[in-house]
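Now for the letters of each chain:
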Amino acid sequence: MTPLDLVKCRLQVKPDLYKGIFDGWRTILSKEGFRGIITGLGPTAIGYSFQGAGKYGLYEYFKYHYSQLAGDEAAHKYRAVLYLAASASAEFIADILLCPWEALKVRQQTSYPPFARNTVEGFTKLKAAEGLTGFYKGIVPLWGRQIPYTMMKFASFEGTVEMIYKTFLTKPKSEYNKMQQLGVSFAGGYIAGILCATVSHPADVIVSKLNNLPKVAAGEKQMGVTDIAKELGWKGVWRGLGPRIIMIGTLTGLQWLFYDTFKVYVGLPTTGSAEETKKTQ
């Protein structure tokens, strides 16, 4: 997803740079070569590995923990609230792991000539220029982007999978084979990705702008989240939505596919099954 993310970030920060996704890729390839098209791959891989491990693992933990606190009857009756609370708690912690790498990723992807040739050089340069605080200056808007994103992602996925089995498939879930169930996981994940990309997009644009701000001179005030939002305006906060919907829809669909494939491999049911609900409660 990195080449798509690269164009999305540049369109958010410099909207006149490209006419669209394919124009962006052609321009980058002609000026920067293949290496340019995967700018930001290193911090993306590191940051979203940390965040994904925290998000998915802690979601399962909090879903179980909150259902135990609520009791079986309340956990089943208010399961949508349980999904929202568990996903928000998981994402809050996961973003602390992601934030430094997101800051570096955006700096690399929105700078030309390149901010750094690789992840190590970029990390060293950013630390030398802004200290450790430079890696976390975007934590609040990142929470503003990722927590609603993840709440929508998990709640809508669970709801979409439930709806698919109730509305479009005629047999009980247990009668479908694992490949068919994994197909439902991918479809549910893609739909959830479209929804969560849309909900969180304004905050995503602000995060990109915030991490692209030049360092101000001593005594000058750095722009904050409110300043950036005012400068962008209503139209500006939706820049790059098309590429992001494609990126997040595909990414989320694949995440759920890989996640549930692993669960099947180790003998667990796919997400959203009656067996898993009983185990969770």
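Fair warning: this is a prediction, and the values are worked out from it, not measured in the lab.

Points about a nonpolar patch on the surface
Part 1: A cluster of nonpolar side chains, F92, I93, I96 and Y136, forms an exposed patch at the surface whose accessible area comes to about 330 Å².
Part 2: Among the elements that line the nonpolar patch, the one with the most residues is helix α5 (residues 79-109), at three residues.
Part 3: Mapped onto the elements of the fold, I96 is located in helix α5.

Here we look at the state of the cysteines
Part 1: Going through the model one piece at a time under the given rule, you end up with zero disulfides.
Part 2: Free of any disulfide, C9 has its nearest neighbouring cysteine sulfur in C99, separated by 14 Å.
Part 3: Of the cysteine sulfurs around C196, a residue in no disulfide, the closest is that of C9, at 16 Å.

Re the packing of helix α9 (residues 178-210) against helix α10 (residues 225-236)
Part 1: Remark: α9 packs on α10, axes separated minimally by 10 Å, with the N-to-C direction vectors making an angle of 125°. Regarding the angle of α9 to α10, the classification is oblique. Crossing handedness for the pair α9 and α10: right-handed. On α10, the residues touching V205, I206, K209 and L210 of α9 are V225, I228, A229, E231, L232 and G236.
Part 2: Of the residues assigned to the contact of α9 with α10, the class counts are seven nonpolar, one polar and two charged.

Description of the nonpolar core
Part 1: With 17 residues, the main nonpolar core has Y59, F154, F157, V161, Y165, V184 and W256 as its most contacted residues.
Part 2: At five residues, helix α8 (residues 139-168) tops the list of elements feeding residues into this core.
Part 3: Sequence-distant contacts of Y165, defined by excluding residues within four places in its chain, comprise K173, Y176, Q181 and V184.

A short note on α5
Part 1: Spanning 31 residues, α5 covers only 39 Å between terminal C-alpha atoms, well under the ideal 45 Å at 1.5 Å per step.
Part 2: Along α5, the helix axis deviates most sharply at L98, where the bend reaches about 45°; the proline P100 sits within four residues downstream.

Some remarks on the UniProt feature "repeat: Solcar" (unreviewed entry) in the chain
Part 1: The UniProt feature table records "repeat: Solcar" (unreviewed entry) at residues 1-65, 78-163 and 180-265.
Part 2: Split by type, residues 1-65 is 83% helix and 0% strand. Its first and last C-alpha atoms lie 33 Å apart.
Part 3: End-to-end, the C-alpha atoms of residues 78-163 are 17 Å apart, and along that stretch the chain is 84% helix and 0% strand.

With respect to the side chain of S208
Part 1: Tracing the backbone shows S208 in helix α9.
Part 2: Separated by 2.6 Å, the side chains of S208 and Q12 make a polar contact.
Part 3: If sequence neighbours within four positions are ignored, S208 has contacts with K8, C9, Q12, V13 and V106.

Structural notes on the packing of aromatic side chains
Part 1: Enumeration over the complete set of coordinates arrives at 16 aromatic pairs.
Part 2: Ring centres of Y56 and F154 lie 5.4 Å apart, and the angle between their planes is 65°; on these two criteria the pair is classed as edge-to-face. Here F154 lies in helix α8 and Y56 lies in helix α3 (residues 41-70), a separation of 98 residues in the sequence.
Part 3: On the accessibility criterion, F154 (0% relative accessible area) is buried.
Part 4: Aromatic pair W234 and W238: ring centres 5.7 Å apart, planes at 70°, arrangement edge-to-face.
Part 5: Classification of W234 by relative accessible area gives exposed; the value is 68%.

Some details on the packing of helix α1 (residues 2-13) against helix α11 (residues 241-265)
Part 1: At their nearest, the axes of α1 and α11 sit 9 Å apart, and the two run at 150° to each other. The angle between α1 and α11 places the two elements in the roughly antiparallel class. Crossing hand, α1 versus α11: left-handed. Mapping the contact onto sequence places L4, D5, K8 and L11 in α1 and P243, R244, I246 and M247 in α11.
Part 2: For the contact of α1 with α11, the per-class residue count stands at five nonpolar, no polar and three charged.

Some details on the environment of I191
Part 1: As for its position among the elements, I191 is in helix α9.
Part 2: In this structure the C-alpha to C-alpha distance between I191 and G138, which are 53 residues apart in sequence, comes to 28 Å.

Thresholds applied
- Residues numbered from 1 in each chain as written.
- Predicted model: local features only at pLDDT ≥ 70, side-chain atom pairs only at ≥ 80, totals over all residues.
- Heavy atoms only, no water.
- Patch = residues over 30% accessible without salt bridge, like charges linked within 9 Å, V, L, I, M, F, W, Y side chains within 5 Å.
- Areas by Shrake-Rupley, 256 points an atom, 1.4 Å probe, with all protein chains shown as cover.
- Salt bridge = Lys/Arg side-chain N within 4 Å of Asp/Glu carboxyl O.
- Helix = DSSP H or I, 4+ residues; strand = E, 2+ residues; numbered from the N terminus.
- Disulfide = S-S within 2.5 Å.
- Axes fitted to C-alpha atoms, helices over the stretch in contact; angles between N-to-C directions.
- Parallel < 35°, antiparallel > 145°, perpendicular 65-115°, else oblique.
- Left-handed = near helix turned anticlockwise from the far one by under 90°.
- Contact = heavy atoms within 4.5 Å.
- Nonpolar A, V, L, I, M, F, W, Y, C, P; charged D, E, K, R; others polar.
- Core = buried A, V, L, I, M, F, W, Y, C linked by side-chain atoms within 4.5 Å.
- Buried < 20%, exposed > 50% of the residue type's maximum accessible area, 1.4 Å probe, protein only.
- Expected span 1.5 Å × (residues − 1).
- Bend = angle between axes of the 7 residues up to and from the residue.
- UniProt positions renumbered as here; feature names shortened; annotations may be inferred.
- Polar contact = N/O pair within 3.5 Å; in protein donor to acceptor, adjacent residues only side chain to side chain.
- Phe/Tyr/Trp six-rings, centres within 6.5 Å; stacked < 30°, edge-to-face > 60°.

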